[in-house]
Amino acid sequence: MNDEGTIELNCEARLNLRNLPAYIDRIRERLESYDAEATQREGRVDFRFAFGEATFDMSKLIMRARASDRDGLARLKDLLATTVEMYAKEESLEISWSGDLADDTRLAQFREMEVVDVHALTPNMRRIRFSGENLARFGKFGGMHLRMLFPSQDMPDPIWPSLGANGLPVWPSDAQRPTARIYTIRKLDLGRDLIEVDFLIHPGEGVGSAWAARAAPGKKLGVMGPLGRPVRRASWFLLGADETGLPALARLLETLPAETKGIAFVEIADDGERHAIDNKTGIELSWLPRNGVPAGEDMRLADAIRTVSWPRTGSTFGWFAAEGTAARLVREHWRETLSLGRDETLAAAYWRRGVTGVMAA
Ligand SMILES: Cc1cc2nc3c(=O)[nH]c(=O)nc-3n(C[C@H](O)[C@H](O)[C@H](O)COP(=O)(O)OP(=O)(O)OC[C@H]3O[C@@H](n4cnc5c(N)ncnc54)[C@H](O)[C@@H]3O)c2cc1C
């Protein structure tokens, strides 16, 4: 308990790193992208997140985390351990947390979910509702996405991951491991413990698409999340997505403040794929049907985005989620041609033509 009467959970881990000072700027930059406020003082860097606090003590080579609940502490341990492992790859780092919840083996970000109902939103899109227990954390941390863990025909009863002493998931052997793919939480109903996901049924053999095509009430899968960084607030947005980015784009149109202005383009196979979105903003939405051109081969979405001129005043943000080539063209245009910064743009590859299991941008 702290002075304000709320519970305080604390933990720490030693960092047996020779070169921590060489990584700390990149660690700081990554953690700041999760909306952390950083303060650097002699020998230490402090991070304040909405859900807790973290410190890197450079002289004692220790990282510390503090939060008021289990979800917050688990999120901090995962974020800190992932970030340090990412930048300290050359050193054989072994993170072992001590303190509150150090013996916990339940993975806070994991839930087993059960299909409640399935309906055809459009000819190519299936909206599936899942029920699970205690879903509050999926509305926290500003992340919109899930790592969905699918059973497959080869692996009908996979073993779900648990929590390691380093704060990261421990996976079973390949022979028992579920197949992971990323999807967006289209809707979260905390009152009824439900999550809704819109699955594109795409051509080609894909575990995610095939699972969704056959899903029926009572089927189970695992989810981990939420994933992703919070989308920066701005008064004007330029949004672009194909069918895979549409669930996230629709969520933005439903949740951004009403006074937000801007332009949104959504690429779809044909007009039969249009569906109702409760756009609460002043962002104008246009649909771009491919009309027979295969997904990933049509550049009209990237072209439409690249012809928009950005306002010269006010805060602006460019958000794009589609196939890898289109995402690269848009990223290059925004970053190199228009010289916009990382904090003003996000152009992500949500899938790549001919590539299986794309996990991130
Ligand atoms: C942050 C994020 C959020 C996402 N949200 C959603 C979402 O809400 N709904 C959704 O449907 N998808 C979403 N995706 C995209 C989804 O993860 C990919 O399409 C993924 O490849 C699907 O897995 P799969 O097992 O069906 O196919 P894979 O096994 O990954 O791929 C098999 C084959 O299918 C091809 N393929 C994959 N996707 C497509 C496609 N869209 N069109 C045509 N061919 C394709 C691949 O190129 C490959 O040749 C998201 C991706 C990211 C990174």
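Residues numbered from 1 in each chain as written. Predicted model: local features only at pLDDT ≥ 70, side-chain atom pairs only at ≥ 80, totals over all residues. Heavy atoms only, no water.

**Some details on the site of the ligand**
Neighbouring residues of the ligand: 25 residues in total, closest Arg181, Ile182, His202, Arg352 and Gly357. His202 is positioned such that a nitrogen or oxygen atom in its side chain is 2.7 Å from an oxygen atom of the ligand. Measuring from an oxygen atom of the ligand, one finds a backbone N or O atom of Val355 at 3.4 Å. Isolated, the ligand exposes 920 Å² of accessible area, and the fraction of that covered by the protein chains is 92%. (Near = heavy atom within 4 Å. Polar contact = N/O pair within 3.5 Å; in protein donor to acceptor, adjacent residues only side chain to side chain. Areas by Shrake-Rupley, 256 points an atom, 1.4 Å probe, with all protein chains shown as cover.)

**Some details on the nonpolar core**
Within the largest apolar cluster, 35 residues are counted, with the highest numbers of intra-cluster contacts made by Ile27, Phe47, Phe49, Phe56, Met63 and Val84. Residue assignment for this core shows that the elements contributing at least two residues are strand S1 (9–14), helix H1 (20–32), strand S3 (44–49), strand S4 (52–57), strand S5 (62–67) and helix H2 (70–87). Considering each element in turn, this core owes the most residues, seven residues, to H2. Contacts of Phe49, omitting those with residues within four sequence positions, involve Leu31, Tyr34, Ala36, Ala54, Leu76 and Leu79. Among the nonpolar cores identified, the runner-up in size contains 22 residues, and Phe237, Leu239, Ala250 and Ala264 belong to it. (Core = buried A, V, L, I, M, F, W, Y, C linked by side-chain atoms within 4.5 Å. Buried < 20%, exposed > 50% of the residue type's maximum accessible area, 1.4 Å probe, protein only. Helix = DSSP H or I, 4+ residues; strand = E, 2+ residues; numbered from the N terminus. Contact = heavy atoms within 4.5 Å.)

**Brief notes about the layout of surface pockets**
Approximately 510 Å³ is the volume found for the second largest pocket. Forming the boundary of the second largest pocket are 20 residues, of which Pro151, Ser152, Gln153, Trp211 and Arg214 lie nearest the centre. No other element matches the four residues that helix H3 (residues 207–214) contributes to the lining of the second largest pocket. For the lining of the second largest pocket, a count of residues per class yields nine nonpolar, three polar and eight charged. (1 Å grid on protein atoms, 1.4 Å probe; cavity = no way out; pocket = protein on both sides within 12 Å on 5 of 7 lines; lining within 4 Å. Points joined across faces, edges and corners; volume = space filled by probe spheres on them. Nonpolar A, V, L, I, M, F, W, Y, C, P; charged D, E, K, R; others polar.)

**A short note on the packing of aromatic side chains**
Enumeration over the complete set of coordinates arrives at 14 aromatic pairs. Here Phe51 and Phe141 contribute two aromatic rings whose centre-to-centre distance is 4.7 Å and whose plane-to-plane angle is 75°, an arrangement assigned as edge-to-face. Of this pair, Phe51 sits in the loop between S3 and S4 while Phe141 sits in the loop between strand S8 (125–131) and strand S9 (145–150), and the two are 90 residues apart along the sequence. Across this residue pair, the class does not change: Phe51 and Phe141 are buried. One aromatic cluster in this structure is built from Phe130, Phe150, Tyr183, Phe199 and Trp211. (Phe/Tyr/Trp six-rings, centres within 6.5 Å; stacked < 30°, edge-to-face > 60°.)

**Topic: the domain arrangement of the chain**
What the domain assignment reports for the chain is domain 1 (9–99), domain 2 (110–227) and domain 3 (236–351). When each unit is reduced to the centre of its C-alpha atoms, the spacing between domain 1 and domain 2 is 29 Å. With 13 residues of domain 1 in contact, the opposing surface of domain 2 contributes nine residues. Across the interface of domain 1 and domain 2, roughly 930 Å² is buried in total on both sides, 49% from carbon and sulfur atoms. Three residues, Asp71, Arg75 and Asp78, lead the burial of domain 1 against domain 2; their summed loss comes to 48% of the area buried on that side. Linking Asp71 and Arg137 is a salt bridge whose minimum nitrogen-to-oxygen distance equals 3.3 Å. Counting across the interface, domain 1 meets domain 2 through five residue pairs in polar contact (both at pLDDT 80 or more). Top contributing element to the side of domain 1 that touches domain 2 by residue count: H2, with eight residues. Its residues placed into classes, the side of domain 1 that touches domain 2 shows four nonpolar, three polar and six charged. (Domains from an automatic or database assignment. Buried area = accessible area lost by both parts, 1.4 Å probe. Salt bridge = Lys/Arg side-chain N within 4 Å of Asp/Glu carboxyl O.)

**A short note on helix H6 (residues 324–337)**
For H6, with 14 residues, the first-to-last C-alpha span of 19 Å sits near the 20 Å given by 1.5 Å per residue. All buried positions along H6 are accounted for by Gly324, Ala326, Ala327, Leu329, Val330, His333 and Trp334. Of the surrounding secondary structure, the elements contacted by the buried residues of H6 are strand S16 (236–241), helix H5 (300–306), strand S19 (316–323) and strand S20 (345–351). Two or three places before Thr325, at the start of H6, stands the capping residue Glu323, its side-chain oxygen 2.8 Å from that residue's backbone nitrogen. (Expected span 1.5 Å × (residues − 1).)

**Examining the sheet that holds strand S18 (residues 282–289)**
The five strands lie next to each other as S18-S17-S16-S19-S20, forming an open sheet whose pairing is parallel. A strand with exactly one partner marks an edge of an open sheet, and here the two such strands are S18 and S20. Strand-to-strand twist of the sheet, defined as the mean angle between neighbouring strand axes without regard to direction, takes the value 10°. Pairing between S16 and strand S17 (residues 261–268): six bridges, direction parallel. Looking at the pairing, Trp236 lines up with Lys261 of S17. Packing against the sheet, helix H4 (residues 246–255) makes contact with S16, S17, S18, S19 and S20, and its axis sits at approximately 155° to S16. In this fold H6 packs onto S16, S19 and S20, with an angle of close to 170° to the strand it touches most, S20. (Pairing = 2+ DSSP bridges. Axes fitted to C-alpha atoms, helices over the stretch in contact; angles between N-to-C directions.)

**A word on unusual backbone geometry**
Between Gly225 and Pro226 the backbone carries a cis peptide bond, its omega angle lying at 0°. Located in the positive-phi region is Asp35, a residue other than glycine, with phi close to 65°. Within the secondary structure layout, Asp35 lies in the loop between H1 and strand S2 (37–41). For Asp35, a relative accessible area of 44% translates into the label partly exposed. Positive phi is not limited to glycine here, since Phe141 has a value of about 70°.

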